[in-house]
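Descriptive structure summary
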2 protein chains.
Amino acid sequence: MSTQKYAISLDVGGTFTKAAVVDRTGGQCLFKAALATRTDLPSPQVPDYLVEQIRALMADAEVATGDVAGISIGLPGVINQRTGRAISCPNLRNWEDLPLADQVAQRIGLPTWMEKDANQAALGELWLGAARQIEHSICFTLGTGIGTGIILNGQLYRGGMGGAGEIGHLPILPNGPQCGCGNHGCLEALASASAVSREARAAVEQDSQSAMVALAGGQAEAITSEIVFAAARAGDATAQCVLDTALEYLGIGIASIINAFNPDLIVLGGGMAQAGEQLLSPIRNVVGQHARRPLAEHVNIVLTELGSMAGVLGGAYLVFSHADR
Amino acid sequence: MSTQKYAISLDVGGTFTKAAVVDRTGGQCLFKAALATRTDLPSPQVPDYLVEQIRALMADAEVATGDVAGISIGLPGVINQRTGRAISCPNLRNWEDLPLADQVAQRIGLPTWMEKDANQAALGELWLGAARQIEHSICFTLGTGIGTGIILNGQLYRGGMGGAGEIGHLPILPNGPQCGCGNHGCLEALASASAVSREARAAVEQDSQSAMVALAGGQAEAITSEIVFAAARAGDATAQCVLDTALEYLGIGIASIINAFNPDLIVLGGGMAQAGEQLLSPIRNVVGQHARRPLAEHVNIVLTELGSMAGVLGGAYLVFSHADR
């Protein structure tokens, strides 16, 4: 077992980057930060930008290189673990096809790994959250997109080339709305936070009295999925209808995954998980209708215990796991 | 490593049971048989019936108990590996909830395992067929139903309680035709051999001139999926239309599985695989449209190499794997 006490973990999103210095024992964050992600940088500048962020983080946290076991960089896309490059990262196109882990490792002198953000989140829940000591768990990150991280036999399952868990692109509705991937009717195009807000904006064109408009300050284009959940809680029928449709699709997608993997646990995380029971209860109902009965009875469906910190904590777990091999 | 040379393997279907005595080295069948499955037996008689079949098989093959490493019984349903009982076996209802492996083991005095038939088939392909030396493969058995066996990291993946791979019950088409499981629009209700023949029978009601009717001896109710494939090969437009629809759904189901598991290999087996390129080529096209591009480019989709013997050979592999532990 290595002796370094800390891991540096980044969870890079299309808008914000969460970063933390995480303690080995108990997974406490010595220091954490949320930074805007520079999506405008040309590819050659991305590694230096990351190095700059990491050095600033180490300085703020007052940790020396010798105290750090390694670095994990989570990205919202498919990471080819054989080449160490992001091969499909729709919200960070300039970051694709770069050997970022190697480039950072060379510049900072610390072992560095790159991982799909949803995989980091699943590892976080496994280490410190809802999936502790669970053999087979699948963690959904429900946000701008829909990602999953899959833990089988207590270990991260990445598939043939790092692309397992592309559940956001399950084909759910033939000829449904177009998805960012180019196909139509993918789960993500029907049930992500972006899909919910898109459908809500369309719905208020027919119902300008909906509470969603007032909650968005009178501007339909400012309606977010949070506003849809809030309006539905307040009894707004149009908001409830948008949610019912989206959560029916989401439940069908989750039922598919349960039929395929027969997991012990499904963890719902990401921004939409903040809706709590308002998300959980309809999902449990739809899963009960669409998954095979013995599998539906076996699985537990719960909310994230780590919230928005799941990803950075999972990245730290990845670092310590590698360091201790 | 145990020294017994043979495994006894049964692949029990809703109509026929394939049985074989299989040699450890190279998986040659010393003796094989196909028997009608007694589906009418009351539950208490099932274990003695199985024992009778196994004893007859050993006598015909002239092997003594001391030469046999063990017995594998494949059933078309979900086997709860914790209780050793079939918990969902729609075509053999009287065989459900019996501790068959224990009952057979006690009566014959040989270690006995019970396994889902599609898992046996996947193990057969892994041992001697299309999935040899492949890390992550998923084997589809396309027959009366649709089953899959999942090999991850070179090992059978069964999920939390033996139910992984219930791909036949992926919800594909909301409000589609009813499935044997009670739900509507499951993959199996849209794309199994039974679904193909059901849709063909409905189609010839509108097109009594279809070649399918003549191929079925003038009796629409005698149309099988083999006849649908044969008529389509002969240029029958109605048959082709039925197939196009079913294979589109099948391809969407396979694309879902590719997006979820990122497998290296998909093996298509079961009765429908006899259609060869007529099955393979449309499936590859649909998968190319619906799976994530890097995952679709990564996966190889092939036909079974073991045909109807995949299950019994996989059962034998299971026996030898356990015996050598």
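Going by the structure above, here's the rest.
Residues numbered from 1 in each chain as written. Chains lettered and ligands numbered in written order. Predicted model: local features only at pLDDT ≥ 70, side-chain atom pairs only at ≥ 80, totals over all residues. Heavy atoms only, no water.

A look at the interface of chain A and chain B
Where interface size is quoted, it is often the accessible area lost as the parts come together. Listed as interface residues are 41 residues of chain A and, on the opposing side, 41 residues of chain B. Summed over both partners, the interface of chain A with chain B buries about 3,200 Å², with 55% contributed by carbon and sulfur atoms. Our count for the chain A to chain B interface comes out at two salt bridges. In this structure, the salt-bridge partner of Glu166(B) is Arg292(A), at a minimum N-O distance of 2.9 Å. The tally of links from chain A across to chain B stands at 26 residue pairs in polar contact (both at pLDDT 80 or more). Of all the elements, helix α8 (residues 237-261) of chain A adds the most residues to the side of chain A that touches chain B, at six residues. (Contact = heavy atoms within 4.5 Å. Buried area = accessible area lost by both parts, 1.4 Å probe. Salt bridge = Lys/Arg side-chain N within 4 Å of Asp/Glu carboxyl O. Polar contact = N/O pair within 3.5 Å; in protein donor to acceptor, adjacent residues only side chain to side chain. Helix = DSSP H or I, 4+ residues; strand = E, 2+ residues; numbered from the N terminus.)

What to know about the sheet that holds strand β12 (residues 300-303) of chain A
Residue and element names in this part refer to chain A. Taken in spatial order, the five strands make up an open sheet running β10-β9-β8-β11-β12, and their pairing is mixed. This sheet does not close on itself; its edge strands, each paired only once, are β10 (155-156) and β12. Of the strand pairs in this sheet, strand β11 (residues 265-269) and β12 are connected by four bridges, and their pairing is parallel. Bridging from a neighbouring strand, valine 267 pairs with valine 302 of β12. Along the sheet face, helix α3 (residues 117-128) touches β8 (137-142), β9 (146-152), β10 and β11 and points at about 50° away from the line of β9. (Pairing = 2+ DSSP bridges. Axes fitted to C-alpha atoms, helices over the stretch in contact; angles between N-to-C directions.)

So, the relation of the copies chain A and chain B
Under the fitted operation, chain A is carried onto chain B by 0.0 Å of movement along the axis and a turn of 180°, and the coordinates agree to an RMSD of 0.0 Å. On this basis, the relationship between the two copies can be described by a two-fold rotation axis. It is Ile172(A) whose C-alpha, among those of chain A, lies nearest the rotation axis, at 3.3 Å. (Least-squares fit on C-alpha atoms with pLDDT ≥ 70 in both.)

Description of unusual backbone geometry
Residue and element names in this part refer to chain A. One non-glycine residue, aspartate 97, adopts positive backbone phi at about 60°. Along the chain, aspartate 97 falls in the loop between β6 (85-88) and α2 (100-108). The backbone of asparagine 175 sits at a positive phi, close to 65°, despite the residue not being glycine. Its place among the elements puts asparagine 175 in the loop between β10 and α4 (187-191). Among the residues examined, asparagine 175 registers a relative accessible area of 76% and is labelled exposed. (Buried < 20%, exposed > 50% of the residue type's maximum accessible area, 1.4 Å probe, protein only.)

Here's the deal with the pattern of salt bridges
Here the structure, examined in full by the defined rule, presents 16 salt bridges over all chains. The closest approach of N and O atoms between Arg198(A) and Glu199(A), which form a salt bridge, is 2.9 Å. We classify Glu199(A) as partly exposed; its relative accessible area is 37%. We note a salt bridge from Arg85(B) to Asp97(B), for which the minimum N-O separation is 3.8 Å. With Arg85(B) in strand β6 (residues 85-88) and Asp97(B) in the loop between β6 and α2 (100-108), the pair connects residues that are 12 residues apart, well separated along the chain. On the basis of relative accessibility, which here comes to 28%, the residue Arg85(B) falls in the partly exposed class.

Comments concerning the packing of aromatic side chains
One pass over the full model with this rule turns up seven aromatic pairs over all chains. Between Trp127(A) and Tyr317(A) the ring centres are 5.7 Å apart and the planes differ by 40°, which places this aromatic pair in the tilted class. Placement of the pair is Trp127(A) in helix α3 and Tyr317(A) in helix α11 (residues 310-323), with a sequence separation of 190 residues. With a centroid separation of 3.9 Å and 25° between ring planes, the pair formed by Phe261(A) and Phe261(B) is classed as stacked. In this pair, Phe261(A) is assigned in helix α8 and Phe261(B) in helix α8 (residues 237-261), connecting two distinct chains. A single burial state applies to Phe261(A) and to Phe261(B), both of which are buried. (Phe/Tyr/Trp six-rings, centres within 6.5 Å; stacked < 30°, edge-to-face > 60°.)

Comments concerning the pairing of strand β4 (residues 68-75) of chain A
Residue and element names in this part refer to chain A. Within β4, eight of the eight residues are buried, leaving the element largely enclosed by the surrounding structure. Of the strand pairs in this sheet, strand β1 (residues 6-12) and β4 are connected by six bridges, and their pairing is parallel. Note that in β4 the partner of isoleucine 8 across the bridge is isoleucine 71. The pairing of β4 with strand β7 (residues 112-116) spans five bridges and is parallel. Its bridge partner being in β7, isoleucine 71 is matched across the sheet by threonine 112.

A look at empty space enclosed by the protein
Counted under the stated rule, the structure contains two cavities of 30 Å³ or more. If you add up the space inside the largest cavity, you get close to 50 Å³. What lines the largest cavity is simply Pro171(A), Ile172(A), Leu173(A), Pro174(A), His184(A), Ile172(B), Ile252(B) and His290(B). Taken together, the residues of the lining of the largest cavity break down into six nonpolar, two polar and no charged. In this structure, the second largest cavity spans a volume of roughly 30 Å³. (1 Å grid on protein atoms, 1.4 Å probe; cavity = no way out; pocket = protein on both sides within 12 Å on 5 of 7 lines; lining within 4 Å. Points joined across faces, edges and corners; volume = space filled by probe spheres on them. Nonpolar A, V, L, I, M, F, W, Y, C, P; charged D, E, K, R; others polar.)

Examining helix α7 (residues 225-233) of chain B
Listing the buried residues of α7(B) in full gives Ser225(B), Ile227(B), Val228(B), Phe229(B), Ala231(B) and Ala232(B). Lining the buried residues of α7(B) we find α5 (193-206), α6 (211-215), α8 and α9 (277-290) of chain B.

Side note on the pairing of β1(A)
Residues and elements named next belong to chain A. The buried fraction of β1 amounts to seven of the seven residues, a majority that puts the element mostly inside the structure. The side-chain alternation of β1 yields two buried faces, one formed by Tyr6, Ile8, Leu10 and Val12 and the other by Ala7, Ser9 and Asp11. With seven bridges joining them, β1 and strand β2 (residues 16-23) adopt antiparallel strand pairing. The residue bridging alanine 7 from the neighbouring strand is valine 22, located in β2. What sits between the antiparallel neighbours β1 and β2 is a turn of three residues.

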